[in-house]
Structures are given as C-alpha cells and as structure tokens.
Amino acid sequence: MSTPSAISSLLARTRTSTGESLAELSEKTPVLLVLLRHEGCTFCRNAMSDIARLRRQIEASGTRIVLGHMSTPEGFATFAARYGLADVPAVEDPQCALYKGLGLKRGRLMQLIGLRVLTAWIKSTLAGHFPGKIKGDPLQLPGAFLLHHGRAVKKHTYRDASDRPDYIALATPQQAA
C-alpha cells in the first residue's frame, strides 16, 4: 500500500457518483469501499450478491457502502441494479488508479485459474452467477477497505480471484485500528 499521506490524497481526489470524494464521505461515516473485478467475473457477481444480502446489516453498523469498478458509470449502474444496488455510490476507475494506490495487485496465474479458483468458479456458476463480458482488466484482483477520517483503517487483500471476505467484520467500525 502507498504511504498514508499518498492514500489520503488519493481518497481526497477520488469522486464518487454522488459528487463527493471518498475522503469527504469517510469524514461523515465509515465507508466500506469494495473494489470489484470486472463485471463479467463470476466472483464479482458473487460479491455483488453478498453485498446486497448484507447491506442492511452493514448500514445498520453505521457504515456506508461504496462500490469501485472499471466500467462506465452507465454500464455499472445497469449491472448494480440487477442486485438492487443501483443507489449505492460508486467510483469509476477504468485505469485502476485507486486499485493500485491502495496496494492491489494484478493476479498471477494461480490466483486467476488455480484449482481453488476453478472449484469456486464451478460452485459460483452452479449458484447462478454466470460469467459475462469482460469490462476492465481481467487480471486485476479486487479488494475491500474500511475508510474512516480520510484513511484506510482496515483492509481485505484477496488471496485469489475467488476469495470472499467477511464484509460484516470489515465494515464494523468498532474493530477499526
């Protein structure tokens, strides 16, 4: 991850679909920032389903959700609407500047198509999360962060593309360092 001052600057420059910066939002309330893989990724679709299912619990903890993506705002709004998340603020990042600035890497071969990933891909597909068109960098790994007062206070770095974080634990401000 970049230095704390570089991250603070990045969060101040990064605008959400509401027009506010991530830093501004995180001054008002903790923010669970989920940086997704490309929309066609079955695991991105898992994440959207998980977030939709856990949304009330996350928001009840006082944390606001923001979704980061590599698509266009219009394309992502359509995608998010399929999960009932069209009203959740989003960050458009087709160049992956936020991903890189928060220390997220592009996946290595085993992180993208290893046995664990392929097994999870089969389970995800059988659960109805079918792969779709790639929109963004298919090698980019996702990440999830709790932002508060202009800083990243907690993070989940994915082991591989199929990893599923505990969004509730990550979003709980009381556990923030």
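As a reminder, the structure under discussion sits directly above these lines.
Residues numbered from 1 in each chain as written. Predicted model: local features only at pLDDT ≥ 70, side-chain atom pairs only at ≥ 80, totals over all residues. Heavy atoms only, no water.

**Things to note about the overall build of the chain**
The following threshold applies: Where helices and strands are cited, they refer to DSSP runs of H or I of at least four residues and of E of at least two residues respectively, numbered from the N terminus. Based on C-alpha atoms, the radius of gyration is set beside the globule rule, defined as 2.2 Å times the residue count to the power 0.38. Classification of residues uses two cut-offs on accessible area relative to the type maximum, computed with a 1.4 Å probe and protein chains only: under 20% is buried, over 50% is exposed, and between them is partly exposed.
Scanning the chain for helices and strands turns up eight helices and five strands. In the chain, the succession of α and β elements from N to C terminus is α-α-β-α-β-α-β-α-α-α-β-β-α. Its C-alpha atoms give the chain a radius of gyration of 15 Å, within 12% of the compact-globule value 16 Å for 177 residues. The principal-axis extents of the C-alpha atoms in the chain amount to approximately 40 × 30 × 30 Å. Burial status across the chain gives 51% buried among its 177 residues.

**So, the packing of helix α3 (residues 42–60) against helix α7 (residues 115–126)**
Applicable threshold: To define axes, lines are fitted to C-alpha atoms, for helices over the stretch in contact only, and angles between the resulting N-to-C directions are given on a 0 to 180 degree scale. Angles below 35 degrees are treated as roughly parallel, those above 145 as roughly antiparallel, those between 65 and 115 as roughly perpendicular, and all remaining angles as oblique. Crossings are classed by handedness, with left-handed meaning an anticlockwise turn of the near helix from the far one by less than a right angle and right-handed meaning a clockwise turn. Every residue pair with non-hydrogen atoms within 4.5 Å of one another is taken to be in contact. Only Asp, Glu, Lys and Arg are considered charged, only Ala, Val, Leu, Ile, Met, Phe, Trp, Tyr, Cys and Pro nonpolar, and every remaining residue, Gly among them, polar.
Interhelical geometry of α3 versus α7 gives an angle of 55° and a closest axis separation of 10 Å. One element, α3, and the other, α7, form an angle in the oblique class. Classified by chirality, the crossing of α7 by α3 is left-handed. Contact residues: Thr42, Phe43 and Asn46 in α3; Val117, Ala120, Trp121, Ser124 and Thr125 in α7. Here the residues of the contact of α3 with α7 sort into four nonpolar, four polar and no charged.

**Observations regarding the packing of aromatic side chains**
To keep it simple, the criterion reads: Working definition: rings of Phe, Tyr and Trp (its six-membered ring) pair if their centres are within 6.5 Å, and the pair is stacked with planes under 30 degrees apart, edge-to-face with planes over 60 apart, and tilted otherwise.
Scanning all chains against the criterion turns up two aromatic pairs. Between the aromatic rings of phenylalanine 76 and phenylalanine 79, the centroid separation amounts to 5.9 Å while the plane-to-plane angle is 50°, which identifies the pairing as tilted. Of the two residues, phenylalanine 76 and phenylalanine 79 both sit in helix α4 (residues 73–81), three residues apart, roughly one turn of that helix. On the basis of relative accessible area, phenylalanine 79 is assigned to the buried category, the value being 3%. Ring centres of phenylalanine 79 and tyrosine 83 lie 5.4 Å apart, and the angle between their planes is 65°; this geometry places the pair in the edge-to-face category. The class of tyrosine 83 is buried, set by a relative accessible area of 18%. Taken together, the aromatic side chains of Phe76, Phe79 and Tyr83 make up a single cluster linked through ring pairs.

**Here we look at the pairing of strand β4 (residues 143–148)**
How we decide: DSSP calls a pair of strands paired once it identifies at least 2 bridges connecting them.
Among the six residues in β4, five count as buried, and that is most of the element. As paired strands, strand β1 (residues 31–35) and β4 are joined by five bridges and run antiparallel to one another. Its bridge partner lying in β4, leucine 35 is registered against glycine 143. Turn length for the β4-strand β5 (residues 151–157) hairpin, with the two strands adjacent in sequence and antiparallel, is two residues, and the turn residue histidine 149 shows positive phi of about 55°.

**What about the pattern of salt bridges?**
Pairing is possible between side chains of opposite charge, provided their charged atoms come close. Inclusion rule: Basic side-chain nitrogens of Lys or Arg form a salt bridge, by our definition, when they fall within 4 Å of a carboxyl oxygen of Asp or Glu.
Applying the stated criterion across every chain yields a total of eight salt bridges. A salt bridge links arginine 55 to glutamate 59; its shortest N-O distance comes to 3.0 Å. On the criterion of helical spacing, the pair formed by arginine 55 and glutamate 59 is a turn pair, its members being four residues apart in helix α3. Its relative accessible area of 15% is what places arginine 55 among the buried residues. A single network of salt bridges, built from pairs that share partners, joins Asp50, Arg53 and Arg164.

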